[in-house]
Protein chains: 2
Amino acid sequence: MARIVMKFGGTSVANVERIRNVGAHVKREIDAGHEVAVVVSAMAGATNQLVAWTREAGAIHDAREYDAIVASGEQVTSGLLAIVLQGMGVPARSFQGWQIPLLTDKTHGSARIESIDGTALISRLTDGQVPVIAGFQGLAPDNRIATLGRGGSDTSAVAIAAAVGADRCDIYTDVDGVYTTDPRIVPKAQRLDRIAFEEMLEMASLGAKVLQVRSVEMAMVHKVRVFVRSSFDAPDAPQVGPNGLPPGTLICDEDEIVEHQVVTGIAYSKDEAQITLRRVEDKPGVAAGVFGPLAEAAINVDMIVQNISEDGRTTDITFTLPTSDQARAVEILETRKSEIGFAALNTAAEVCKVSVIGIGMRSHAGVAAQAFEALAKRGVNIRAITTSEIKISVLIDAAYTELAVRTLHSVYGLDKA
Amino acid sequence: MARIVMKFGGTSVANVERIRNVGAHVKREIDAGHEVAVVVSAMAGATNQLVAWTREAGAIHDAREYDAIVASGEQVTSGLLAIVLQGMGVPARSFQGWQIPLLTDKTHGSARIESIDGTALISRLTDGQVPVIAGFQGLAPDNRIATLGRGGSDTSAVAIAAAVGADRCDIYTDVDGVYTTDPRIVPKAQRLDRIAFEEMLEMASLGAKVLQVRSVEMAMVHKVRVFVRSSFDAPDAPQVGPNGLPPGTLICDEDEIVEHQVVTGIAYSKDEAQITLRRVEDKPGVAAGVFGPLAEAAINVDMIVQNISEDGRTTDITFTLPTSDQARAVEILETRKSEIGFAALNTAAEVCKVSVIGIGMRSHAGVAAQAFEALAKRGVNIRAITTSEIKISVLIDAAYTELAVRTLHSVYGLDKA
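Scoring rules and cut-offs
The residue count restarts for each chain, going from 1 along the sequence in the order it is written. Chain letters and ligand numbers both follow the written order, the letters beginning at A and the numbers at 1. Local features are withheld for residues below a pLDDT of 70 in this predicted model, meaning they are given only at 70 or higher, and side-chain atom pairs are given and counted only at 80 or more; totals for whole chains, interfaces and linings count all residues. Think of the side-chain values as coming from all heavy atoms in the structure, minus any hydrogens and water. UniProt positions are given in the numbering used here, feature names are shortened, and annotations may be inferred rather than shown by experiment. Only residues with pLDDT of at least 70 in both copies count here: their C-alpha atoms drive the least-squares fit that superposes the copies. Contacts are assigned to residue pairs that have any heavy atoms within 4.5 Å of one another. Contacts described as polar in this section are N or O atom pairs within 3.5 Å, which, within protein, must combine one atom able to donate a hydrogen with one able to accept it, while residues neighboring in sequence count only if both atoms come from side chains. We count a stretch as a helix when DSSP gives it H or I for four or more residues in a row; a strand needs E for two or more, and each element gets its number in order from the N terminus. Between any two strands, pairing holds if DSSP finds at least two bridges. Throughout, an axis means a line fitted to C-alpha atoms (over the contacting stretch in the case of helices), and angles, computed between N-to-C directions, take values from 0 to 180 degrees. Note that the domain bounds reflect an automated or database-derived domain assignment. Summed over both partners, the accessible area (1.4 Å probe) lost when two parts come together is defined as the buried area. Take a side-chain nitrogen of Lys or Arg and a carboxyl oxygen of Asp or Glu: if they are within 4 Å of each other, that pair is a salt bridge. The buried label goes to any residue with under 20% of its type's maximum accessible area, the exposed label to any with over 50%, and the partly exposed label to all in between, with areas taken from a 1.4 Å probe on protein chains only. The definition used for a disulfide is geometric: two cysteine sulfur atoms within 2.5 Å.

An unreviewed UniProt entry lists chain A under the name Aspartokinase, from Methylopila turkensis. Under the UniProt heading Sequence similarities (unreviewed entry), the note attached to chain A is "Belongs to the aspartokinase family."

Here's what the structure looks like:
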């Protein structure tokens, strides 16, 4: 007997027929003797419609009202799934964020979860009932509904799994797991049976869009094992594959992974732009002078590269950011040109960051050299490099993205046999 | 300065453009110096869609889940109108039933309001803010959302007007007031400037579908003056007509109406069926034996006619009920035939009840005779008659409905000049 939180996204609950399919997945786990709580998103399209109405009502709109409007989507799905489960003979009831309560901070529209009272949910679970929880929403300190921002239902699910001490949080989505890289680029990409939290965090933040970064962070902090699988699987398909798990990817502590591959996956991130500041004075406080104003403008800077200066007086600073923020960032920096003190500002819009990720590289030398050599052989020019303990990222021209991803996937032995 | 509750129905908030029109109505009252709270229904069609999903999810569905699902419609509208008002420079915020709180009993799906804490609303009103309240919903004792049944937003509005001590509750609807009868049948029907609560109660329950019966009852009990007007009026049209009020009908205490017409209006109710029990034993408890089982089956019996028995031993009992319940009622009575003790059961499906209503008839003799004579002259056969202090109802063949309504409207001098 295990305690499981099952989360279903918008496409999995797009209509009542699909919700019935979700019900069958839940019933299977109940019949297997497990305790189950479910977290649901809004029906696919519902949130977009609600957001569109909100925008039509007012270009600048009160985030608290936005939250009241948009949270109604998950409210509907939670009720519908509860009814479907009851019809299958599974005792179930819906919970809205304010009923649990799931308390958030006051950042309406993109609130963070502050605390969850698991008492009511645990009491239902031990009673053999299925709480069906509206994801994406909670109660803010002002006694009003707060939403967690796009994709927040994943975060809800992991947080609830932590609050009720679940053995696992199963994320049912429209892909059947986490792959070594994007299968649309590399048809030989393989589904990973297991991946460590740290690796998944890099995969998620680097563009593998299976799970929200926040939900992976939360899973890592609270040690919640997350299992990603497809909601399109037949609910009555065999649940135990040759490796002891149904088809899908388990995101878990690295201790649970017996032998690590040196490299687990290759991620990439398009829609990046590059800005380089030339001959910045090499003195304390310069980096803060550059990135402080950008942070204030809520511009999310990604890769930052600064090399040791040659002459001891000036250096170049390169960083990447979303293409959509480039113009704003340039404007901010140009107006502060004399204050920051740089000679010139260069930009490049069509760049891509490709990353090689793997916990195993901590204990293996030469991983980076292997990447650089392979890319050089294919004529891919590397614009900038950053590394961390478990990843190597290179910035290249966007036109070479697919070539670089395929090359790296192959050179680290990730291609399917 | 007055304190006003304004209520807008589904067609008045059918899309964002219409909601903007509602906002203009609200702003007009604010600009005139009034304190305003608003109650809104769901966007037209939204509730039907939600109900359809609920039915698709399960033919027999948990009323608590139905409530969670269906109440989301009003939640959306309240948020959208708050945003629209803010955009017009009117400080506003949405309130869900559970946030006020508006407490109901536990009858999920058709709950009754138990109490409303007006504190938060009054504090907003005196601050010059506009609370935008989701109608139709409240919080049940189990800490879950309860809805008030179809048309419950009218009841919400009147109850909230009572709770905040409003001077008036303005119901904006798709008609511009209460008429002496249905204008589709009698083009010469006139809009009433004022109508007493008791009269409106008869008009509402007898088929004039302007306001929910429950909301009129509540208005009468709490002495809430209700003003019915059209939401299609231009918001900037002159608000004071020749009689001191904008176009519409004020439903108020009879004391507020200086001189009463003998007859205020003619109502009718189609889709009625008639059941007559022949030669029922004339002894105590017989009526209870007939109507008890029907009440248990939630069959709403309307007109009941029982005459003095001629022989002192048996009598006939006639009653009407909705056509949709006729078959069920007949079955219930036939299975209890020997227990109740009747000789035969006759039915008629195509009948109509036409009612003459007016507080003035309390002090006027001959009102009933006038009706019977007028109908006889036109060859309309009266099947049964019941009367109360302020109304006379006759049951006739449905085919004569329009003729009877027109005849009575004319005979009591209600035709527009």
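So much for the structure itself; the text now carries on.
Colleague: Account for the relation of the copies chain B and chain A, naming residues and giving values.
Modeller: The two copies are related by a screw operation: chain B maps onto chain A through 179° of rotation and 0.1 Å of translation along the axis, at an RMSD of 0.1 Å. The superposition operator between the copies reduces to a two-fold rotation axis. Nearest to the rotation axis, the C-alpha of B:S72 is located 2.7 Å from it, this being the minimum over chain B. Taken together, the interface assignments show that 100% of the residues at the interface of chain B recur at the interface of chain A, consistent with an identical surface on both copies.

Colleague: I'd like a rundown of the interface of chain B and chain A, residues and numbers included.
Modeller: Counting residues at the interface gives 36 residues for chain B and 36 residues for chain A. The interface formed by chain B and chain A holds 14 residue pairs in polar contact (both at pLDDT 80 or more) in total. At the level of secondary structure, the elements contributing two or more residues to the side of chain B that touches chain A comprise α1 (16-31), α2 (46-57), α3 (63-70), α4 (72-87) and β3 (92-95) of chain B. Residue contributions to the side of chain B that touches chain A peak at nine residues, all from α4(B).

Colleague: How would you explain the environment of A:L245 if you had to name every residue and give the values?
Modeller: All names here are of chain A. Within the secondary structure layout, L245 lies in the loop between β11 (226-230) and β12 (249-252). Taking C-alpha positions, L245 is 16 Å from R3, a pair spaced 242 residues apart along the chain. Leaving out residues up to four positions away in the same chain, L245 has contacts with R194, F227, Q239, V240 and L250.

Colleague: Residues and numbers for the sheet that holds strand β12 (residues 249-252) of chain B, please.
Modeller: Residues and elements named next belong to chain B. Read from one edge to the other, the open sheet built from eight strands follows the order β3-β6-β2-β1-β9-β11-β12-β10, with strand pairing classed as mixed. Each edge of the open sheet is held by one strand with a lone partner, namely β3 and β10 (194-196). The mean angle between the axes of side-by-side strands here comes to 20°, regardless of whether they run parallel or antiparallel. Where β10 lies against β12, three bridges are found, and the strand directions are parallel. When the sheet's bridge partners are listed, A196 is paired in β12 with C252. Set on the sheet, α1 makes contact with β1 (3-8), β2 (35-40), β6 (130-134), β9 (168-173) and β11 (226-230); between it and β1 the angle comes to about 175°.

Colleague: Give me the lowdown on the domain arrangement of chain A, citing residues and values where you can.
Modeller: When the parts of a complex come together, some accessible area is lost, and that lost area is often used as the size of the interface. Residues and elements named next belong to chain A. Assigned domains within chain A: domain 1 (3-256) and domain 2 (265-411). For the domain 1 and domain 2 pair, buried surface summed over both sides reaches about 1,400 Å², with 64% attributable to carbon and sulfur atoms. Here domain 1 is connected to domain 2 by two salt bridges. One salt bridge in this structure joins E254 and R362, with 2.6 Å as the shortest N-O distance.

Colleague: Requested: an account of helix α13 (residues 401-411) of chain A, with residues and values cited.
Modeller: Residues and elements named next belong to chain A. Taken as a whole, α13 has its buried residues at T401, A404, V405, T407, L408 and H409. Looking at the buried side of α13, the elements it contacts are β13 (265-281), β16 (344-357), α12 (367-377) and β18 (391-397). Where α13 terminates, the next one or two residues include G413, which has phi positive at roughly 70°.

Colleague: How would you summarise the sheet that holds strand β17 (residues 382-388) of chain A if you had to cite specific residues and measurements?
Modeller: Residue and element names in this part refer to chain A. Taken together, six strands build an open sheet; the order of strands is β14-β15-β13-β16-β18-β17 and the sheet is antiparallel. Each having just a single partner strand, β14 (304-306) and β17 make up the two edges of the open sheet. With direction set aside, neighbouring strand axes in the sheet form an average angle of 30°. Note: β17 against β18, six bridges, orientation antiparallel. By the bridge assignment for β18, T387 is matched with I392. Contacts from helix α7 (residues 197-205) reach β13, β16, β17 and β18 within the one sheet, and its direction differs from that of β16 by about 140°.

Colleague: Can you tell me about the UniProt feature "binding site: substrate" (unreviewed entry) in chain A, naming the residues and giving the values?
Modeller: All names here are of chain A. UniProt tags T47 and E74 as "binding site: substrate" (unreviewed entry). These residues run over 28 residues, yet every pair of their C-alpha atoms falls within 8.7 Å of each other. Tracing the sequence through the fold places T47 in helix α2 (residues 46-57). Within the element layout of this structure, E74 appears in helix α4 (residues 72-87). If sequence neighbours within four positions are ignored, E74 has contacts with V40, S41, A42, T47, A134, G135, F136, Q137 and S153.

Colleague: Give me the lowdown on helix α3 (residues 63-70) of chain A, citing residues and values where you can.
Modeller: Most of α3(A) sits inside the fold, with six of its eight residues counted as buried. Inspection of α3(A) places A:E65, A:Y66, A:D67, A:A68, A:I69 and A:V70 among the buried residues, and these make up the whole buried set. On its buried face, α3(A) sits against α2, α4 and β8 (145-147) of chain A together with α4 and β3 of chain B. With a side-chain oxygen lying 2.9 Å from the backbone nitrogen of A:R64, the N-terminal cap of α3(A) falls on A:D62.

Colleague: I'd like a description of the state of the cysteines, backed by residues and values.
Modeller: All names here are of chain A. Across all of its chains, the model carries zero disulfides over all chains by this definition. The cysteine C169 is free of any disulfide, with C252 supplying the nearest cysteine sulfur at 14 Å. Taking the relative accessible area as the measure of exposure, C169 reaches 0% and is therefore buried.

Colleague: Got a sec to walk through the pattern of salt bridges? Specific residues and values, please.
Modeller: Once the charged atoms of two side chains with opposite charge are near each other, the side chains can pair. Within the structure shown, the criterion is met by 40 salt bridges over all chains. For B:E65, the salt bridge identified is with B:R144, shortest N-O distance 2.8 Å. Residue B:E65 is found in helix α3, and its partner B:R144 is found in the loop between β7 (137-139) and β8 (145-147); the two are separated by 79 residues along the sequence. Taken individually, B:E65 and B:R144 each receive the classification buried, so the pair is uniform in this respect. A salt bridge links B:D182 to B:R184; its shortest N-O distance comes to 2.8 Å. For B:R184, a relative accessible area of 74% corresponds to the exposed category. Connected through shared salt-bridge partners, A:R194, A:R225 and A:E256 make up one network.

Colleague: An account of the pairing of β12(A) is needed here, citing residue identities and associated values.
Modeller: A regular strand places its side chains so that they alternate between the two faces of the sheet. Residue and element names in this part refer to chain A. Neither face of β12 is exposed, since T249 and I251 on one face and L250 and C252 on the opposite face are all buried. In the sheet, β11 pairs with β12 via three bridges, with the strands oriented antiparallel. Within β12, the residue paired with F227 across the bridge is L250.

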